[in-house]
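Single-letter residue listing:
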Amino acid sequence: MLENTFPIGSEVFAKVNPDLKLIIRQYLKRIYYCTVMGNPLQKDLVYFERELIPVRVK
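I will try to describe carefully the structure that is included in this document. (Residues numbered from 1 in each chain as written. Predicted model: local features only at pLDDT ≥ 70, side-chain atom pairs only at ≥ 80, totals over all residues. Heavy atoms only, no water.)

1. What to know about the pairing of strand β1 (residues 11–14)
Alternating residues of β1 divide into Val-12 and Ala-14, all buried, and Glu-11 and Phe-13, none buried. Strand direction decides the pairing type here: β1 and strand β2 (residues 17–28), joined by four bridges, are antiparallel. Its bridge partner being in β2, Phe-13 is matched across the sheet by Lys-21. Here β1 folds back onto β2, and the loop between the two strands holds two residues. Pairing of β1 with strand β5 (residues 52–54) involves three bridges; the strand directions are antiparallel. If you follow Val-12 over to β5, its bridge partner there is Pro-54. (Buried < 20%, exposed > 50% of the residue type's maximum accessible area, 1.4 Å probe, protein only. Helix = DSSP H or I, 4+ residues; strand = E, 2+ residues; numbered from the N terminus. Pairing = 2+ DSSP bridges.)

Here it is, written out as structure tokens:
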């Protein structure tokens, strides 16, 4: 079984758009399916682990 860095429900940013907060919805075959926070009806955005940055907890 492959280990994923970001568990489902985690808040992350994409390196290409660090102003857009995402939520991990699903992880399949080393690909993260993310929903835009505050806009759940928008299509999922798809990223590899190396393309994501975790949200720092304050």
